[in-house]
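What follows is each chain in one-letter form.
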Amino acid sequence: MKPEEQALFANDTFYLAFAQKDFDVMARLWANNHPTLCIHPGWPAITGRGEVVESWRRILGNPEQPGIDFYNATAQIVGDMVFVTCYEELPGSICVATNGFVSERGEMRMFHHQSGPCANPPPPTGPGGSKAS
């Protein structure tokens, strides 16, 4: 499987873990040996695996946290990293997100997530809305 396909699969796993509030899967998805950065909408930047994973523990443990879906995922290789951009559908709003992945011991691991409101999002395209470019 190509790196961009592996990253799209890992991206799917990220959003499934988010939607199902599965902290264990979310924690396993984040990189162990690569610097990490996470910027949740409206939050300050969070760096370091411990702090990033703890932010997800708080989000996924919140019973008021709404569900999430995503669409139009595209992957681009940048050096030894793969960046996936997509749109996040939340109740009443759409965000645009960038998710970065690196290979660690042969598995794609997330090292970057940034999401913010999108004023004029495109409609979903195609089944599943994912593609490697």
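Everything that follows concerns the structure shown earlier in this document.
Let me begin by describing the structure that accompanies this report. Fair warning: this is a prediction, and the values are worked out from it, not measured in the lab. (Residues numbered from 1 in each chain as written. Predicted model: local features only at pLDDT ≥ 70, side-chain atom pairs only at ≥ 80, totals over all residues. Heavy atoms only, no water.)

Bringing the environment of Asn72 into the picture now. Looking at the secondary structure, you find Asn72 in strand S3 (residues 69–78). Accessibility expressed as a relative area gives 11% for Asn72, which makes it buried. Along the chain, Asn72 and Ala17 lie 55 residues apart, while their C-alpha atoms are 18 Å from each other. Here the side chain of Asn72 touches Pro123 through a polar contact of 3.0 Å, landing on its backbone oxygen. (Helix = DSSP H or I, 4+ residues; strand = E, 2+ residues; numbered from the N terminus. Buried < 20%, exposed > 50% of the residue type's maximum accessible area, 1.4 Å probe, protein only. Polar contact = N/O pair within 3.5 Å; in protein donor to acceptor, adjacent residues only side chain to side chain.)

So, about the pattern of salt bridges. Oppositely charged side chains are able to pair whenever their charged atoms sit close together. With the rule as written, the count across this model stands at two salt bridges. One salt bridge connects Glu107 with Arg109, and the closest N-O pair in it is separated by 2.8 Å. Classification of Arg109 by relative accessible area gives buried; the value is 18%. (Salt bridge = Lys/Arg side-chain N within 4 Å of Asp/Glu carboxyl O.)

What follows covers the environment of Phe111. Note on placement: Phe111 falls in strand S6 (residues 107–117). Look at Phe111 and you get buried, because its relative accessible area is 8%. Sequence separation between Phe111 and Asp80 is 31 residues; the distance between their C-alpha atoms is 12 Å. In this structure Phe111 touches Trp30, Ala31, His34, Pro35, Thr36, Leu37, Met81, Phe83, Gly100, Phe101 and Val102, once residues within four positions along its chain are discounted. (Contact = heavy atoms within 4.5 Å.)

Turning our eyes to something else, we now look at the packing of aromatic side chains. Within the structure shown, the criterion is met by seven aromatic pairs. Judged by centre distance (5.8 Å) and plane angle (75 degrees), the rings of Phe83 and Phe111 are edge-to-face. Here Phe111 lies in strand S6 and Phe83 lies in strand S4 (residues 81–90), a separation of 28 residues in the sequence. Taking the relative accessible area as the measure of exposure, Phe83 reaches 23% and is therefore partly exposed. What links up through ring pairs into an aromatic cluster is the set Phe14, Tyr15, Phe18, Trp56 and Phe70. (Phe/Tyr/Trp six-rings, centres within 6.5 Å; stacked < 30°, edge-to-face > 60°.)

This part takes up helix H1 (residues 3–20). With 18 residues, H1 extends 25 Å between its outermost C-alpha atoms, agreeing within 8% with the 26 Å of an ideal straight helix rising 1.5 Å per residue. By the burial criterion, the buried members of H1 are Glu4, Ala7, Leu8, Ala10, Asn11, Phe14, Tyr15, Ala17 and Phe18. (Expected span 1.5 Å × (residues − 1).)

Ranked by size, the top nonpolar core spans 32 residues in total, and within it Met26, Trp30 and Trp56 carry the most contacts. Looking at this core, the elements that each hand over two or more residues are H1, helix H2 (23–29), helix H3 (49–60), S3, S4, strand S5 (93–104) and S6. Looking at which element gives the most residues to this core, the answer is H1, with seven residues. Every residue in contact with Trp30, bar those within four places of it in the chain, is listed here: Thr36, Leu37, Cys38, Arg49, Val52, Val53, Trp56, Arg109, Met110, Phe111, His112 and His113. (Core = buried A, V, L, I, M, F, W, Y, C linked by side-chain atoms within 4.5 Å.)

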